[in-house]
Amino acid sequence: MGVHDTGIRDAASADGPRRVDVVVIGAGQAGLSAAYHLRRVGFEPEQDFVVLDHAPRPGGAWQFRWPSLTYGKVHGMHALPGMELTGADPARPSSEVISGYFTSYEEAFDLRVRRPVDVRAVREGEGGRLLVETSDGVWSARALINATGTWDRPFWPRYPGQETFHGRQLHTAQYQGPEEFAGQRVVVVGGGASGTQHLMEIAPYAASTTWVTRRPPVFRDGPFGEDQGRAAVAMVEERVRQGLAPLSVVSVTGLPVNDAIREARANGVLDRHPMFDRVTPTGVAWDDGQEVAADAILWATGFRASIEHLAPLKLREPGGGIRMDDTHAALDPRVHLVGYGPSASTIGANRAGRAAVRDIERLLGRRAPTPVAV
Ligand SMILES: Cc1cc2nc3c(=O)[nH]c(=O)nc-3n(C[C@H](O)[C@H](O)[C@H](O)COP(=O)(O)OP(=O)(O)OC[C@H]3O[C@@H](n4cnc5c(N)ncnc54)[C@H](O)[C@@H]3O)c2cc1C
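Residues numbered from 1 in each chain as written. Predicted model: local features only at pLDDT ≥ 70, side-chain atom pairs only at ≥ 80, totals over all residues.

Labelled according to an unreviewed UniProt entry, the chain appears under the name NAD(P)/FAD-dependent oxidoreductase, originating from Streptomyces endophyticus.

Set out below in structure tokens:
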């Protein structure tokens, strides 16, 4: 590989870590976009870079999404760079459609994702390298692209009495569809897209549904154009620049109103109650004396960034986030986070993958620095 200090030529050695230029962690939208761009500018898979993913199959987090989340219900899915997703049946589960598409994509661009490989820790190595410790040995890299998404870190808020509840508690990450709630009284917690979708699906099966959210939901009835998209991304960007934990997407975009939402609002399925004050053995209760009996509490309370394996690098700010400078950590230009904060959407992940690769090319001396205007 020319003058670059690359290649896993010492991969066979039993004692040393395997050396590459770049380790990509995660093969979802963000990781595959990064791998595509690495390849496009001349990095060779398995020699200059590797992609590691701990899931069993291609598809990123999509492979785990519930079967009733059909491709037709997923509105804002952008194709990966270089290959369109065409002719998908809107009635098929998005988990199947997108896993199939990602499989073809990995094959078409020969990305050679290694799976299942779990990344457990990333630490400082010798000579300015990073050591990536995994379930399948240690890698040594000059740069890292972290694309681990959020699915593996469901967020469960804590409420008094939660552990005393006799019914079932589950999170969106465990939701498998509405049938299992037939005849039950269900409390759904959370004001995001997942919470509203769960309610609309479950209501026809359940004995009753109750919707509770911390803040009143903001329904957005107008078009959501590029300007609004840019403004939403800018708000999240500002937070991560300051090292604060990224906001949820819905908190900056609002809930888009479609016909199904309009109908659910009209027939009371989306009548929202303020957050309860405690969980009781038989349901949920408010301090003003109100109670709702429940057989199940479904926590649609979102996800947090899966970045615990980066803890040894000590990049976290007191605000709980990693302060970012474009796609890399402000404290460490080797460490890129794609699909994080402002790039946590399919289109954002695409763009961040490309930007991270450009930056890494410069960092590794493979591309001339951008001239500074004087
Ligand atoms: C229900 C739901 C619906 C959504 N719908 C849309 C939509 O319509 N449009 C849109 O733009 N966005 C949508 N999103 C957001 C969407 O998930 C993201 O935009 C995008 O798919 C995330 O891609 P990603 O590559 O960042 O993460 P993921 O798809 O989560 O990929 C991360 C990968 O990293 C791997 N990984 C994680 N930790 C490790 C580790 N330690 N070691 C090894 N591998 C690891 C995982 O196995 C996974 O394959 C939705 C999110 C949810 C929850």
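There is more to say after this.
S.K.: Requested: an account of the site of the ligand, with residues and values cited.
M.R.: Lining the immediate surroundings of the ligand are 33 residues, of which Gly26, Gly28, Gly60, Gly149 and Gly339 lie closest. Mapped by element, the contributors of at least two residues to the shell around the ligand are α1 (29-40) and α7 (346-363). The element contributing the most residues to the shell around the ligand is α1, with three residues. A per-class count over the shell around the ligand returns 13 nonpolar, 16 polar and four charged. (Near = placed C-beta within 6 Å. Helix = DSSP H or I, 4+ residues; strand = E, 2+ residues; numbered from the N terminus. Nonpolar A, V, L, I, M, F, W, Y, C, P; charged D, E, K, R; others polar.)

S.K.: Lay out the domain arrangement of the chain with the relevant residues and their values.
M.R.: When cut into domains, the chain gives domain 1 (18-152 + 305-363) and domain 2 (162-218 + 254-299). Its C-alpha centre places domain 1 at a distance of 33 Å from the equivalent point of domain 2. Listed per partner, the contact involves four residues of domain 1 and six residues of domain 2. Residue composition of the side of domain 1 that touches domain 2, grouped by class: three nonpolar, one polar and no charged. (Domains from an automatic or database assignment. Contact = placed C-beta atoms within 7 Å.)

S.K.: I'd like a rundown of helix α4 (residues 226-241), residues and numbers included.
M.R.: A turn of α-helix holds 3.6 residues, and therefore any two residues three or four places apart point the same way. Across its 16 residues, α4 extends 22 Å between first and last C-alpha, which sits within 8% of the 22 Å expected from 1.5 Å per residue. For α4, the complete set of buried residues consists of Ala232, Val233, Val236 and Val240. Seen along its axis, α4 keeps its buried residues to an arc of 95 degrees; they face one direction. Seen from the buried face of α4, the exposed residues on the opposite side, beyond 90 degrees, are Asp227, Arg230, Ala231 and Ala234. (Expected span 1.5 Å × (residues − 1). Buried ≥ 20, exposed ≤ 12 C-beta atoms within 10 Å, placed from the backbone. Arc of directions from axis to C-beta.)

S.K.: Got a sec to walk through the sheet that holds strand β13 (residues 283-285)? Specific residues and values, please.
M.R.: The three strands are arranged β12-β13-β14 in an open sheet whose pairing can be described as antiparallel. Each edge of the open sheet is held by one strand with a lone partner, namely β12 (278-280) and β14 (291-293). Mean inter-strand twist for the sheet, computed between neighbouring axes without regard to direction, equals 25 degrees. Sheet topology places β13 next to β14; three bridges connect them, and they run antiparallel. Of the residues in β14, the one forming a bridge with Val284 is Val292. (Pairing = 2+ DSSP bridges. Axes fitted to C-alpha atoms, helices over the stretch in contact; angles between N-to-C directions.)

S.K.: So what's going on with the sheet that holds strand β6 (residues 168-171)? Residues and values would help.
M.R.: As a general point, the strands of a sheet are linked pairwise by backbone hydrogen bonds and lie either parallel or antiparallel. Taking strand neighbours across the sheet as the criterion, the five strands line up as β6-β15-β7-β8-β11 in an open arrangement whose pairing is parallel. Single-partner strands in this sheet number two, and they are β6 and β11 (272-274). Strand after strand, the sheet turns through a mean of 25 degrees between neighbouring axes, direction not considered. In this sheet, strand β15 (residues 296-299) lies alongside β6 in parallel orientation, the contact comprising four bridges. Within the sheet, the bridge partner assigned to Gln169 lies in β15 and is Ile297. Contacting β7 (185-189), β8 (208-213) and β15, helix α3 (residues 193-202) runs over the sheet at an angle of about 165 degrees to β7.

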